[in-house]
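Examining the three-dimensional arrangement
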Amino acid sequence: MSSNTREQAGAAARALVQAADLKPGQLVVIGCSTSEVAGARIGTSGTLDVAQEIFAGLDVLHTEFGLYTAFQCCEHLNRALVVERHTLERFGLEEVAAVPVPTAGGSMAAYAYRRLSAACLAETIAADAGIDIGETLIGMHIRRVAVPLRTEVRTIGKARVNMAATRPKLIGGERAVYRLPDIAGTDSCE
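Here we summarise the structure given alongside this text. Source: prediction; values computed, not measured.

Roughly 450 Å³ of volume is contained in the largest pocket. Around the largest pocket, the lining is made up of 24 residues, and of these Ile-42, Gly-43, Cys-74, Pro-102 and Gly-106 lie nearest the centre. When contributions to the lining of the largest pocket are tallied by element, the ones reaching two or more residues are helix H2 (34-37) and helix H6 (107-115). Of the residues assigned to the lining of the largest pocket, the class counts are 8 nonpolar, 13 polar and 3 charged. Here the second largest pocket defines a volume of roughly 290 Å³.

Here the focus is the packing of helix H3 (residues 48-58) against H6. In contact at an axis separation of 8 Å, H3 and H6 are set at 65 degrees when each is read in the N-to-C sense. When you trace H3 past H6, the crossing you get is right-handed. Facing Leu-48, Ala-51, Gln-52, Ile-54 and Phe-55 of H3, the residues of H6 in contact are Ser-107, Met-108, Ala-110, Tyr-111, Ala-112 and Arg-115. Tallied by class, the residues present in the contact of H3 with H6 amount to 8 nonpolar, 2 polar and 1 charged.

When H3 is considered as a whole, its buried residues turn out to be Val-50, Ala-51, Glu-53, Ile-54, Phe-55, Gly-57 and Leu-58. Its side-chain oxygen placed 3.1 Å from the backbone nitrogen of Asp-49, Thr-47 serves as the N-cap of H3.

Our focus in this paragraph is the pattern of salt bridges. One pass over the full model with this rule turns up 7 salt bridges. In this structure, the salt-bridge partner of Arg-14 is Glu-64, at a minimum N-O distance of 2.5 Å. Of this pair, Arg-14 sits in helix H1 (residues 3-20) while Glu-64 sits in the loop between helix H4 (60-63) and strand S2 (68-72), and the two are 50 residues apart along the sequence.

With that out of the way, let us pick up the state of the cysteines. For the structure on display, the rule yields 0 disulfides. Left without a disulfide partner, Cys-73 is nearest to the cysteine sulfur of Cys-74, which lies 6.9 Å away. The exposure class assigned to Cys-73 is buried, which follows from its relative accessible area of 2%.

Summed over all chains, the structure comprises 3 aromatic pairs. Ring geometry for Phe-55 and Tyr-111: centres 5.4 Å apart, planes at 70 degrees, overall edge-to-face. Here Phe-55, found in helix H3, pairs with Tyr-111, found in helix H6; they are 56 residues apart in sequence, far enough to count as distant.

Counting 42 residues, the largest nonpolar core has Leu-16, Ile-54, Leu-58, Phe-71, Val-82, Ile-133 and Met-163 as the members making the most contacts within it. Those elements that place two or more of their residues in this core are H1, strand S1 (27-32), H3, H4, H6, strand S5 (119-122), strand S6 (129-133) and strand S9 (159-166). When residues of this core are assigned to their parent elements, the largest contribution, 7 residues, is made by H1. Setting aside its immediate chain neighbours within four residues, Leu-16 contacts Asp-21, Leu-22, Val-28, Ala-129, Gly-130, Ile-131, Leu-149, Met-163 and Ala-164.

The rules behind each value
- Residues numbered from 1 in each chain as written.
- Predicted model: local features only at pLDDT ≥ 70, side-chain atom pairs only at ≥ 80, totals over all residues.
- Heavy atoms only, no water.
- 1 Å grid on protein atoms, 1.4 Å probe; cavity = no way out; pocket = protein on both sides within 12 Å on 5 of 7 lines; lining within 4 Å.
- Points joined across faces, edges and corners; volume = space filled by probe spheres on them.
- Helix = DSSP H or I, 4+ residues; strand = E, 2+ residues; numbered from the N terminus.
- Nonpolar A, V, L, I, M, F, W, Y, C, P; charged D, E, K, R; others polar.
- Axes fitted to C-alpha atoms, helices over the stretch in contact; angles between N-to-C directions.
- Left-handed = near helix turned anticlockwise from the far one by under 90°.
- Contact = heavy atoms within 4.5 Å.
- Buried < 20%, exposed > 50% of the residue type's maximum accessible area, 1.4 Å probe, protein only.
- Polar contact = N/O pair within 3.5 Å; in protein donor to acceptor, adjacent residues only side chain to side chain.
- Salt bridge = Lys/Arg side-chain N within 4 Å of Asp/Glu carboxyl O.
- Disulfide = S-S within 2.5 Å.
- Phe/Tyr/Trp six-rings, centres within 6.5 Å; stacked < 30°, edge-to-face > 60°.
- Core = buried A, V, L, I, M, F, W, Y, C linked by side-chain atoms within 4.5 Å.

Written out as structure tokens, the structure is:
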């Protein structure tokens, strides 16, 4: 893959931040099939070279926007997540023991594990938003209620890209009210 992959990943990251209105300190989950990015079927042709380019492009989430990231492993590691130890501690996540490799965890998770400072695995998270590159099914790691996002970025390489934000649950019934009348400038409970 080329620097074009890196640019596409960076564009996807920026599109997610804008569409989801993310703020510093929030948590983003990333699922990525490097096989799909390269044009092959998920789980068949993963490569650390593709992972390196995508990781570099997505780094803006942390460096420009102050977000925490979690990289989802494949089903061979029960979709555990690669995070930095300070992320694990900040969000009170449960650590699990394994070292992701391309054939058990996936190339993206294996690359992230080797690149993050003090990397470890978390069993599960409830992220504020996510990017799914190649339809890896990140939904189990998105906080309820997930809201699909439609941005200009629809592919990275040959992989389809899906994104989601989250919002608070709307509770109540037919009598519930979700927005206050314009009193003192407050118009929403969000």
